[in-house]
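Topology and contacts: notes
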Amino acid sequence: MTHKKNPEELRSYRWFGPDTMRGFSHRSRMSQMGYSREDFTGKPVIAIVNTWSEINPCHAHLRERAEAVKRGVWQAGGFPVEVPAFSITETYMKPSPMLYRNLLAMDTEESLRSLPIDGAVLMGGCDKTTPGLLMGAISVNLPAIFLPAGPMLRGNWNGQPLGSGTDLWKFWTERCAGTVSDDDWNAIESGIARSPGFCMTMGTASTMTALSEALGMTLPGASSIPAADSNHVRLAIESGRRAVEMVWEDLKPADVLTLAAFRNAITVDMALSGSTNAIIHLVALARRRGIDLPLPLFDEIARRVPVLANIRPSGEYLMEDFYYAGGLRALMGEIADLLELDSLTVNGNTLGKNLEGARVVKPEVIRGRETPLMENGGTAILYGSLAPDGAVIKTSAADRRLWQHTGPAVVFRDYQDMDARINREDLDVDENSVLVLQNAGPLGGPGMPEWGMLPIPNKLLKRGVRDMVRISDARMSGTAYGTCVLHVSPESYVGGPLALVKDGDAITLDIPNRRLDLGVGEDELARRRAEWKRPAPKEHRGYLALYRERVTQAHQGCDFDFLSPEEGAGDPQIY
Ligand code: FES
């Protein structure tokens, strides 16, 4: 280990070291908690930023894991302090947990900046917690290591593996079609979530934790270890030890998160056929670092990266299988020639060094280059008259019959309108229709809820229809599937072309040519634009009012406009 710092240069020493009235005050309050001066003075103070809460099932084990991190920090000669952070739980937080990603980022940044902290272990995993923690850590730029919460074990029903989200959507569709009994439905409910940990399909949680590893922000192999595995405890201890070393080495997020690291993350995202949400989060993370990731870069990389992870919803298996197959290191080893292997990671080694010896042991789960799940990445970026600033579709989850499709629009002006009318017998809809949902974007939702997988009307389900073209400015759960065009930008709430669509308009989706177009003439569109009025805002107070005023559009990452790197707050004065 190369020491670049001596104890007097530690950031925390400014609080604990000086023989001043303030120094006295800071030390005496540590004594109040039973610590001696030598416990914390001149030692790297490591914040364990913990998103544990009793209403976050994905993080149910993180209180216990924090103790393991502390063991590691003590072992390496540091001083651990657990700092609670806003616990965004995907399941329970309404109307959309995405509203709160930026709040967690601010919480993380401000806690780390304002306290006597030298480095951090960031503990999260449930969807928005990974980008939220990392965004805050990038902005404060103190040495930080991410500790993924780990996926839960496979679900089980009748001996069949069940996947979070994906099998819920699948069996709910069948239940609406009348093919699943009450008893079976109840048994599925009890079997789908069997342990702590996050969703074990390739949803946003598994995608974002894998990308945090591809970015170099975790220890090698960290993202694939199931939460319930004892290796996860050892990972926590090792992450604590390593955080202390990173402080001495002065290894910061800015050293790890280069453009090459972000290109690696996009490459891995495509090989995983990751959640479409990852695009928004990666754009936001990069912007915090002062790096621009234009949407076409995702398409360009997607075109040359094969999908190798055979994980639901695009594939067959679950994250527990992925771990047994060799995990993310094995997958990255398969595409090593497509990665920039000189990128530095938090263990101090390059990505290339970390991949040495990695191998796939279950080729049915992590496919080889000669037998990919799909020839090229599972995501396409669309542009056209309906999406001037871009839209996203997960091609790997879309029915190939619909990749080139023109059909008449069936328009819902917001979620409530859709909920009220989608299953009405008199709704004028058939399998060729294009379902359109307006006012579900960053400001319109607000918070871009995961409403993008619009339900298939029951009357069509009963006729055997299982996929249709659906378009919105919303997001979609990474565990969902279907021909769903998402993140249409600019969103309808701010007057984007999506706001002007009316029932019966012809809409053309053309995935091979990356187009999304509205078949309405310019004159008619101009007339509609003149008549259009922005819907009244639903929120006027508190955080949501701030969100509405300052959030950016989907293609800009939905971060707050005042959190760009130029606005860095610097270190606080100690009075
Ligand atoms: Fe937490 Fe899915 S609900 S990751």
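Residues numbered from 1 in each chain as written. Predicted model: local features only at pLDDT ≥ 70, side-chain atom pairs only at ≥ 80, totals over all residues. Heavy atoms only, no water.

Considering the state of the cysteines
For the coordinates displayed, the defined rule picks out zero disulfides. For the unlinked cysteine cysteine 558, the closest cysteine sulfur is that of cysteine 126, found at 18 Å. Using a relative accessible area of 1% as the deciding quantity, one classes cysteine 558 as buried. (Disulfide = S-S within 2.5 Å. Buried < 20%, exposed > 50% of the residue type's maximum accessible area, 1.4 Å probe, protein only.)

Digging into the environment of glycine 447
Take glycine 447: it is sitting in the loop between β10 (434-437) and α19 (458-461). Expressed as a C-alpha distance, the spacing of glycine 447 and tyrosine 547, which sit 100 residues apart in the sequence, is 8.3 Å. (Helix = DSSP H or I, 4+ residues; strand = E, 2+ residues; numbered from the N terminus.)

What about the packing of helix α12 (residues 259-272) against helix α16 (residues 327-334)?
Close contact between α12 and α16 brings their axes to 11 Å; oriented N to C, the two are set at 100°. Put simply, α12 runs roughly perpendicular to α16. Taking contact as the criterion, the partners of Val268, Ala271 and Leu272 in α12 are, on α16, Leu328, Leu331 and Met332. (Axes fitted to C-alpha atoms, helices over the stretch in contact; angles between N-to-C directions. Parallel < 35°, antiparallel > 145°, perpendicular 65-115°, else oblique. Contact = heavy atoms within 4.5 Å.)

Description of the sheet that holds strand β1 (residues 45-50)
Reading across the sheet, the four strands line up as β2-β1-β3-β4 and stay open at both edges, with parallel pairing between neighbours. If you trace the sheet from one side to the other, it starts and ends with β2 (79-84) and β4 (144-148), each paired once. The mean inter-strand angle of the sheet, taken between neighbouring strand axes irrespective of direction, is 20°. Two elements, strand β3 (residues 119-124) and β4, share five bridges in a ladder whose sense is parallel. Looking at β4, one finds that leucine 122 is bridged to phenylalanine 146. Across the sheet, helix α6 (residues 129-140) is in contact with β1, β3 and β4; its angle to β3 comes to roughly 165°. Sitting on the sheet, helix α10 (residues 230-249) touches β1, β3 and β4, and the angle it makes with β4 is about 175°. (Pairing = 2+ DSSP bridges.)

Description of helix α9 (residues 204-215)
Under the 1.5 Å per step criterion, the end-to-end length of α9 is 16 Å for twelve residues, consistent within 8% with the ideal 16 Å. Burial of α9 is extensive: twelve of the twelve residues sit out of reach of the surface. Buried residues of α9: Thr204, Ala205, Ser206, Thr207, Met208, Thr209, Ala210, Leu211, Ser212, Glu213, Ala214 and Leu215, and no others. Just beyond α9, the residue with positive phi is glycine 216, at close to 100°. (Expected span 1.5 Å × (residues − 1).)

Re the pairing of strand β13 (residues 506-510)
Bridge count between strand β9 (residues 404-412) and β13: five bridges; the pairing is antiparallel. In the sheet register, glycine 407 faces β13, and the bridge partner there is isoleucine 507. Here β13 folds back onto strand β14 (residues 515-518), and the loop between the two strands holds four residues, one of which, arginine 514, carries a positive phi near 55°.

Remarks on the pattern of salt bridges
Applying the stated criterion across every chain yields a total of 42 salt bridges. Among the salt bridges present, the one from glutamate 110 reaches arginine 113, with a minimum N-O distance of 3.6 Å. Residue glutamate 110 and its partner arginine 113 are located together in helix α5 (residues 101-114), separated by three residues, close to a single helical turn. Its relative accessible area of 8% is what places arginine 113 among the buried residues. Taken together, the shared-partner salt bridges in this structure form one network comprising Glu90, Asp127, Lys128, Glu450 and Arg475. (Salt bridge = Lys/Arg side-chain N within 4 Å of Asp/Glu carboxyl O.)

Some remarks on the environment of serine 96
With respect to the helices, strands and loops of the structure, serine 96 is situated in the loop between β2 and α5. Given the relative accessible area of 1%, serine 96 is considered buried. Contacts of serine 96, omitting those with residues within four sequence positions, involve Pro446, Gly447, Met448, Pro449 and Arg475. Here arginine 475 takes part through its side chain, which lies 3.5 Å from a polar atom of the side chain of serine 96. (Polar contact = N/O pair within 3.5 Å; in protein donor to acceptor, adjacent residues only side chain to side chain.)

Side note on the packing of aromatic side chains
What describes a pair of aromatic rings is the distance from one ring centre to the other and the angle between the planes of the rings. Using the criterion set out here, one finds 14 aromatic pairs in the structure. The rings of Phe86, Tyr100, Tyr543, Tyr547, Phe560 and Phe562 are connected pair by pair, giving a single aromatic cluster. (Phe/Tyr/Trp six-rings, centres within 6.5 Å; stacked < 30°, edge-to-face > 60°.)

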